[in-house]
Amino acid sequence: MDKTIVISQDMPSSSSGRFILGDAYEVLRDLVKIHAGHIDLIYMDPPSVSNSTYCISSAKSKTAKTKVYSDFKTSECYLDYIRSILPLCHDLLSRSGTLFFHCTPLLSAYIRIELDKVFGKKNYVNEIVSPFKSKGRSTRRFSQRHDCILVYAVSKAYYFNTINAGQARGEMQDNHLKKSFDEDGRIYYTVNSRGKKYRYYADEPVAPSDIWNDIDSIGPNHVEHTGYPGQKPIDLLKRILLTASKQNATVLDVFSGSGSLAVAAIETGRSWISIDNSPIALLTLRKRIQSMDTPIIQNTNKASFISQIIPCFMGDIEISEKISTQDSVISIDNSDKSIIYAALGEISGGSFIPAVFTYKRTDRIAFNSSHVGNNIALHITFSDYTEKVILM
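Residues numbered from 1 in each chain as written. Predicted model: local features only at pLDDT ≥ 70, side-chain atom pairs only at ≥ 80, totals over all residues. Heavy atoms only, no water.

A. Here's a closer look at the overall build of the chain. Summing up its helical and strand segments, the chain has six helices and 23 strands in all. Taking all 392 residues of the chain together, the buried fraction comes to 49%. Put simply, 65% of the contacts in the chain that link residues at least 6 apart link residues at least 24 apart. (Helix = DSSP H or I, 4+ residues; strand = E, 2+ residues; numbered from the N terminus. Buried < 20%, exposed > 50% of the residue type's maximum accessible area, 1.4 Å probe, protein only. Contact = heavy atoms within 4.5 Å.)

This is how it looks when you write it as structure tokens:
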């Protein structure tokens, strides 16, 4: 098969999305050729620097592991890669667009220097503190319990409205405040200051500060937990989207991982593009979309989901001989287009189960193949979920 990345000319429609399986630099380079200046928000949470490899267990053996992704070995490798993709991100963003860069405090100073070079110091917007729970403690330094999110704009015309992500003020405990009810029964508090009387309603939204300690991190018992390493909470991504993009905007996740940004985009009515070079990331996102409750945005079909798969990134995935109808990453053998090979089967109980599809109809899934240019498109139809897979 041709290993050239082919990007669709069409932008995702409202509340729809596209997952592109491939290297971020290569995919961004080709996205720029078509979609430069049309992305409203970019979020990136790249692998860090630890020389660690993150895996999930295999169903065949408790000791066997399937690789999900690896961190960078050195800071130099990390920064070289970041330097290669930041200009592409800048070119993709619209004049009102913003970039949210998620990183550790150990890297934030270096990343800010690189962002200053590409976006300009004058377009720095915020550094957000995103706390997380950790059991580690040290007597030689204060324990690291937060990440950093650096925010940069393309221009001074960037869209940003923190009230959109505000939460109700709630009950106020200050002794100087007097609690009262208005004629509609709404609770408010008053305070006198310098001869003026100020009124604060309990149900009024209050914009968040740059310390986001009201959002829980994802632990093993969290309702959103997928088992994907480094998973970020949906509420964190929703706050970013609500603040820095309008409904029906197009947002881009450069390192999809567990797919939290795509899920947040669906829930808030944004169209999305997600990139990752791990097939496990595609599987995880697909399962999350399929398991979602009725879409929050009226007349939104959560089912419109395109995944673009580049076979050269799937060579190390074991393929089972067992015929199955489990959900999977799809590839088509050019020599026999009636057979659909699945690089991934399912994750069950945190274990990886590879599978193979045959081209047939079942009560649960209907397959229909067609051609998109020189590529093969495969449409998988569920009762309320449709995914078009474009194979390169």
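B. Representation of the pattern of salt bridges in the model. In the structure shown here, the tally under the stated rule is seven salt bridges. A salt bridge links Lys232 to Asp45, with the nearest nitrogen and oxygen atoms 2.8 Å apart. Separated by 187 residues along the polypeptide, Lys232 in the loop between strand 12 (205–206) and helix 4 (234–244) and Asp45 in the loop between strand 2 (39–44) and strand 3 (53–58) bring together distant segments of the chain. The exposure class assigned to Lys232 is buried, which follows from its relative accessible area of 17%. Between Arg83 and Glu114 there is a salt bridge, with its nearest N and O atoms 3.2 Å apart. Here Arg83, found in helix 2 (residues 75–92), pairs with Glu114, found in helix 3 (residues 105–119); they are 31 residues apart in sequence, far enough to count as distant. The buried category is assigned to Glu114, whose relative accessible area is 7%. A cluster of three or more residues bridged by salt bridges with shared partners is formed by Asp80, Arg83, Glu114 and Lys117. (Salt bridge = Lys/Arg side-chain N within 4 Å of Asp/Glu carboxyl O.)

C. Molecular detail of the packing of helix 4 against helix 5 (residues 260–268). In the contact formed by helix 4 and helix 5, the axes pass within 8 Å of each other and the chain directions differ by 55 degrees. Accordingly, the angle class assigned to the pair helix 4 and helix 5 is oblique. Crossing angle aside, the handedness with which helix 4 passes helix 5 is right-handed. Contacts from Ile234, Leu237, Lys238, Leu241 and Leu242 of helix 4 reach helix 5 at Ser260, Leu261, Val263, Ala264, Ala265, Glu267 and Thr268. Across the contact of helix 4 with helix 5, the residue classes break down as eight nonpolar, two polar and two charged. (Axes fitted to C-alpha atoms, helices over the stretch in contact; angles between N-to-C directions. Parallel < 35°, antiparallel > 145°, perpendicular 65-115°, else oblique. Left-handed = near helix turned anticlockwise from the far one by under 90°. Nonpolar A, V, L, I, M, F, W, Y, C, P; charged D, E, K, R; others polar.)

D. Inspection of helix 1 (residues 24–35) at higher detail. Those residues of helix 1 lying buried are Ala24, Val27, Leu28, Asp30, Leu31, Val32 and His35. Those residues of helix 1 that are buried lie in contact with strand 1 (17–21), strand 2, helix 2, strand 13 (250–253) and strand 14 (271–276). Of the residues that open helix 1, the one with a side-chain oxygen 3.1 Å from the backbone nitrogen of Tyr25 is Asp23. Immediately downstream of helix 1, the backbone of Gly37 shows phi near 80 degrees, a positive value. (Polar contact = N/O pair within 3.5 Å; in protein donor to acceptor, adjacent residues only side chain to side chain.)

E. A look at helix 4. Burial of helix 4 is extensive: nine of the 11 residues sit out of reach of the surface. For helix 4, the full list of buried residues reads Ile234, Leu236, Leu237, Lys238, Arg239, Ile240, Leu241, Thr243 and Ala244.

F. Looking closely at the side chain of Ser256. Relative to the helices and strands, Ser256 resides in the loop between strand 13 and helix 5. For Ser256, the residues in contact, after removing those within four places along its chain, are Phe19, Ser274, Ile275, Asp276 and Leu285.

G. Molecular detail of the packing of aromatic side chains. In the structure shown here, the tally under the stated rule is nine aromatic pairs. On the basis of an interplanar angle of 50 degrees and a centroid distance of 6.1 Å, the ring pair of Phe119 and Tyr152 is categorised as tilted. Here Tyr152 lies in strand 7 (residues 146–153) and Phe119 lies in helix 3, a separation of 33 residues in the sequence. A centroid spacing of 5.5 Å and a plane angle of 50 degrees characterise the contact between Tyr188 and Tyr201, whose relative ring orientation is tilted. Placement of Tyr188 in strand 10 (residues 187–193) and of Tyr201 in strand 11 (residues 196–201) is noted, with a sequence separation of 13 residues between them. Pair check on accessibility: Tyr188 and Tyr201 agree, each one buried. Site record: aromatic cluster; members linked through ring pairs are Phe72, Tyr78, Tyr81 and Phe255. (Phe/Tyr/Trp six-rings, centres within 6.5 Å; stacked < 30°, edge-to-face > 60°.)

H. Inspection of the environment of Val68 at higher detail. Of note, Val68 is situated in strand 4 (residues 65–70). Val68 sits in the buried class, given a relative accessible area of 5%. Spatially, the C-alpha atoms of Val68 and Tyr228 are 8.0 Å apart, while their sequence positions differ by 160 residues. Non-local contacts of Val68, meaning those with residues more than four positions away in its chain, are made with Tyr54, Cys55, Ile56, Tyr228, Pro229, Ser278 and Ile280.

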